[in-house]
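Structure assessment
The chain contents come next:
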Amino acid sequence: MMRCAVRGGGAHVVIGERRSPSSSPGSGRSVVRMSEGRGGLCCGGVRSRAADLAGLEMGRPSAGAAGLFRSPRYGRVRATASADPEDIPSDKLQAKSSGSVLPYVGVACLGAILFGYHLGVVNGALEYLSKDLGIAENAVLQGWVVSTTLAGATVGSFTGGALADKLGRTRTFILDAIPLAVGAFLSATAQDVRTMIIGRLLAGIGIGISSALVPLYISEISPTEIRGALGTINQLFICIGILAALVAGLPLAQNPAWWRTMFGISVVPSILLALGMAVSPESPRWLFQQGKISQAEAAIKKLYGKEKVTEVMYDLKASGQGSNEPDASWFDLFSKRYWKIVSVGAALFLLQQLAGINAVVYYSTSVFRSAGIASDVAASALVGAANVFGTMIASSLMDKQGRKSLLITSFSGMAASMLLLSLSFTWKALAPYSGTLAVVGTVLYVLSFALGAGPVPALLLPEIFASRIRAKAVALSMGMHWVSNFFIGLYFLSVVNKFGISTVYLGFASVCALAVLYIAGNVVETKGRSLEEIERELSPPNKADANAFLVSDQ
């Protein structure tokens, strides 16, 4: 056994390798031991201070110690005070997965499609259902038909977190399918406005639950190396759901009663969501948190293959998720231990909405008309296509460029686009080109939004929240999204009438600029890190665990 120990004020590292008598060099099991002291340490060119252990990164040694540390190519072993790396054999490290999470991500994304579809379906159908239900002359009741869904979504987003913690992710999905299907059915068969509003409220509760649950489930079952790309799929399918609602409205001109079919269509994916989740594996992280070890191993085997069970279970044990800490309450989110991280999540969604995305979408029809594009469908299709295209680009870059850099790039592009939009309405020198510039500014804004501000918050939040608060913290952040969305939709036109669209767009540009500064100073990069690794860094159980954690500096 090779040993290397350097002591300085109490700190020491012991590196070695255990072999059975019959083993060959390079086989056996690797050992890493570390204890904290006051001084520095140095061994073979690897150095650190006790206070900087959280930033220590070690490369891959040669020959027999090949399994000791992992380079970026071979992966890394993360050690904490709560787990001994001797518990995991070196031949099990970085085992190739024989499973696939894609089918289960696809099932979860049915919730994202329904999210987008229920938001978009009322836009084309409102005029026709208003005539059938006798509210064509009542703008207040029409507003209730539209906004009740947002109110329901706010309730659903808070409810979903508690249900996901208590029942598990897959059972909550199955339960969520009930208000989604019943709400769609009531809307499709409504003979009066009261039934329609009840249906829209139930559908809103359903999409509120799924808005928090879909990114949560995807983040917890996705492999680290592709978690960013898979997480972005959530936003992509929301966009696809909105486009599907637009396409579903095309027959309305020839068949005014088609609006009932438009609402009824969404019953099908609701049922498929329930059936799909009935055979999908539960989140291994939730199962482990509940102490259901054997079930967690079975879920890992189903998701990644039996080769990955040892490695993933080691990571879960090392993260301290199996501690005796009780499930978090809502009050825990505001504790000193978690509040900083929770506030970042809430702030990201607040900035996302205050940056003006929904206002731009709401006003895009008027902007395009000023440029000579009279077709509402063409305007909506162009904005929707820009959103989908930008999200696809973000998906390909998420695990390469990282979440933080995409957020900064996105909000910077949104600020520049908003400034261009504001100038196109007020600068007399640009008057001959105002229509064209307005269209260009709108499309660039939506593209910039889709590149980061749209998909990243829903992906980043489940990554930075500790396992015991993850569901409730995501629900709280999504609640902020729905509340701010509701008030912006309610007061946007009034603010425009009072201050003018140019001033409002200039205000949005200022919010985007502030968002860049906030993200640069408060958001951490999570690219390439497992959920357990992120949790140990951001929400350690105690100071000793924080100092013992080895984290790579991305």
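Residues numbered from 1 in each chain as written. Predicted model: local features only at pLDDT ≥ 70, side-chain atom pairs only at ≥ 80, totals over all residues. Heavy atoms only, no water.

Basically, it comes down to this: UniProt positions are given in the numbering used here, feature names are shortened, and annotations may be inferred rather than shown by experiment.
Identification of the protein chain as Major facilitator superfamily (MFS) profile domain-containing protein from Triticum aestivum is taken from an unreviewed UniProt entry. UniProt annotates the protein chain under Subcellular location (unreviewed entry) with the comment "Membrane". Turning to the protein chain, the UniProt record has this under Sequence similarities (unreviewed entry): "Belongs to the major facilitator superfamily. Sugar transporter (TC 2.A.1.1) family."

Details of the overall build of the protein chain
Spelled out, the test is: By definition, any uninterrupted DSSP run of H or I lasting at least four residues is a helix, any uninterrupted run of E lasting at least two residues is a strand, and each is numbered from the N terminus. Each residue is placed in one exposure class: buried if its accessible area under a 1.4 Å probe, protein chains only, is under 20% of its type's maximum, exposed if it is over 50%, and partly exposed if it falls in between. Two residues form a contact once any of their heavy atoms are found within 4.5 Å. The method behind every accessible area is Shrake-Rupley, applied with a 1.4 Å probe, and residues are considered shielded solely by the protein chains displayed.
Within the protein chain, the regular secondary structure consists of 20 helices and 4 strands. Every one of the 554 residues in the protein chain was classed for burial, and the buried ones make up 54%. Once local pairs closer than 6 in sequence are excluded, the contacts in the protein chain between residues at least 24 apart make up 77%. If you sum the accessible surface of the protein chain, you get close to 23,400 Å²; carbon and sulfur atoms cover 62% of it.

Focus on the environment of Leu180
Along the chain, Leu180 falls in helix H3 (residues 169-189). On the basis of relative accessible area, Leu180 is assigned to the buried category, the value being 0%. Taking C-alpha positions, Leu180 is 4.9 Å from Gly206, a pair spaced 26 residues apart along the chain.

A short note on the packing of aromatic side chains
For clarity, the cut-off: Note on aromatic pairs: the rings of Phe, Tyr and Trp (six-membered ring only in Trp) are paired at centre separations within 6.5 Å, and the planes decide the class, stacked below 30 degrees, edge-to-face beyond 60, tilted for the rest.
All told, the structure shown has 5 aromatic pairs when counted by the stated rule. Between Tyr505 and Phe508, the ring centres sit 6.3 Å apart and the planes meet at 40°, which makes this aromatic pair tilted. One end of the pair is Tyr505 and the other is Phe508, both in helix H18 (residues 501-522) and 3 residues apart, which spans about a single turn. For Phe508, a relative accessible area of 10% translates into the label buried.

Here's the deal with the confidence of the model for the protein chain
Quick reminder of the rule: pLDDT runs from 0 to 100 and stands for how confident the predictor is about each residue.
Residues of the protein chain with pLDDT of at least 70 account for 74%, and the chain-wide mean is 76. Contacts of residues 1-93 to residues separated by more than four positions or lying in other chains number 175 contacts, the stretch itself having pLDDT below 50. Here residues 542-554 is a poorly scored stretch, pLDDT under 50, and it has 40 contacts once near neighbours within four places are set aside; other chains count.

Observations regarding the side chain of Ser266
With respect to the secondary-structure elements, Ser266 resides in the loop between helix H6 (258-265) and helix H7 (267-278). What Ser266 contacts, discounting residues up to four positions off in sequence, is Leu114, Tyr117, His118 and Ala184.

What about the environment of Arg285?
Operational definition: N or O atoms within 3.5 Å of each other form a polar contact, as long as, within protein, one can give a hydrogen and the other can take it, and as long as residues adjacent in sequence are counted only when both atoms are side-chain atoms.
Note on placement: Arg285 falls in helix H8 (residues 284-289). Distance from Arg285 to Tyr217, taken between C-alpha atoms, is 9.9 Å for residues 68 residues apart in sequence. A distance of 2.4 Å separates a polar atom in the side chain of Arg285 from the backbone oxygen of Glu220.

Examining the nonpolar core
The condition is simple: Definition of nonpolar core: a set of buried residues of the types Ala, Val, Leu, Ile, Met, Phe, Trp, Tyr and Cys, connected through side-chain atoms within 4.5 Å. Boundaries between domains were set according to an automatic or database domain assignment.
In terms of nonpolar packing, the biggest core is built from 103 residues, with Phe411, Phe465 and Ile469 touching the most fellow members. Of all the elements, H18 adds the most residues to this core, at 10 residues. Both domains that furnish three or more residues to this core are identified here as domain 1 (98-280) and domain 2 (329-553). In this structure, Phe411 is in contact with Leu351, Gln352, Ala355, Ala453, Cys512, Ala515, Val516 and Ile519, ignoring residues within four places of it in sequence. Counting 21 residues, the second largest nonpolar core, distinct from the first, contains Val122, Ile135, Val193 and Ala248.

Things to note about the packing of helix H2 (residues 139-167) against helix H4 (residues 193-221)
Selection criterion: Here an angle of 0 to 180 degrees is reported between the N-to-C directions of two axes, which are lines fitted to C-alpha atoms, with helices fitted over the stretch in contact. Working rule for angles: under 35 degrees goes down as roughly parallel, over 145 as roughly antiparallel, 65 to 115 as roughly perpendicular, anything else as oblique. The handedness criterion is simple: a crossing whose near helix is rotated anticlockwise from the far helix by less than a right angle is left-handed, and one whose near helix is rotated clockwise is right-handed. Residues are grouped as follows: Ala, Val, Leu, Ile, Met, Phe, Trp, Tyr, Cys and Pro are nonpolar; Asp, Glu, Lys and Arg are charged; every other residue, Gly included, is polar.
It is the contact of H2 with H4, at a shortest axis distance of 6 Å, that shows an interaxial angle of 40°. Relative to H4, the element H2 is oriented oblique. Where H2 crosses over H4, the handedness of that crossing is right-handed. Grouping the amino acids of the contact of H2 with H4 by side-chain chemistry returns 16 nonpolar, 9 polar and 1 charged.

Comments concerning the pattern of salt bridges
Let me state the cut-off plainly: The rule for a salt bridge is simple: a side-chain nitrogen of Lys or Arg has to be within 4 Å of a carboxyl oxygen of Asp or Glu.
On inspection of all chains with the given rule, the structure shows 6 salt bridges. A salt bridge links Asp165 to Arg169; its shortest N-O distance comes to 3.6 Å. Judged on exposure class, the residue Asp165 and its partner Arg169 are both buried. Residue Arg470 is joined to Glu220 by a salt bridge in which the shortest nitrogen-to-oxygen separation is 2.8 Å. Here Arg470 is found in helix H17 (residues 470-499), whereas its partner Glu220 is found in helix H4, with 250 residues between them in sequence.

Focus on helix H9 (residues 293-304)
Note the threshold: Here, expected helix span is obtained from the residue count minus one, scaled by 1.5 Å. Arc definition: directions from the helix axis to the C-beta atoms.
Along its 12 residues, H9 runs 16 Å from first to last C-alpha, staying within 8% of the 16 Å computed at 1.5 Å per residue. Those residues of H9 that sit buried are Ala296, Ala299, Ile300, Leu303 and Tyr304. The buried residues of H9 occupy an angular sector of 100° when projected down its axis, which confines them to one face. Among the exposed residues of H9, those pointing more than 90 degrees away from its buried face are Ser294 and Lys301. Residues of H9 that are buried make contact with helix H1 (102-132), H4, H8 and helix H10 (309-318). Immediately beyond the C-terminal end of H9, within one or two residues, lies Gly305, with a positive phi of roughly 100°.

Concerning H4
Threshold: Values of bend correspond, residue by residue, to the angle between axes fitted over the seven residues ending at that residue and the seven starting there.
For H4, which comprises 29 residues, the first-to-last C-alpha distance of 41 Å matches the rise-based estimate of 42 Å (1.5 Å per residue) to within 8%. Where H4 bends most, the angle comes to about 25°, and this point is Leu213, followed within four residues by the proline Pro215. Where burial is concerned, most of H4 is hidden: 23 out of the 29 residues are buried. The backbone nitrogen of Arg194 lies 3.1 Å from a side-chain oxygen of the residue at the head of H4, namely Asp192.

Description of a nonpolar patch on the surface
Test applied: A residue counts toward a patch only above 30% relative accessible area and without a salt bridge, and it is joined to like-charged neighbours within 9 Å or, for Val, Leu, Ile, Met, Phe, Trp and Tyr, to nonpolar neighbours within 5 Å.
A cluster of nonpolar residues, Val483, Phe487, Leu490, Tyr491, Val495 and Phe499, forms a patch on the protein surface that exposes about 550 Å² of accessible area. Val483 gets classed as partly exposed once you look at its relative accessible area, which sits at 33%.

Describing the environment of Lys340
For Lys340, the position within the fold is in helix H11 (residues 339-354). Since its relative accessible area comes to 62%, Lys340 is described here as exposed. Taking C-alpha positions, Lys340 is 9.1 Å from Asn522, a pair spaced 182 residues apart along the chain.

Things to note about the packing of H1 against H2
Direction vectors running N to C along H1 and H2 enclose 160°, while the axes themselves pass 10 Å from each other. When the axes of H1 and H2 are compared, the pair comes out roughly antiparallel. The interaxial crossing formed by H1 with H2 has right-handed handedness. In contact with Leu119, Val122, Leu126, Leu129 and Ser130 of H1, H2 contributes Gln142, Val145, Val146 and Leu150. The residue makeup of the contact of H1 with H2, split by class, is 7 nonpolar, 2 polar and no charged.

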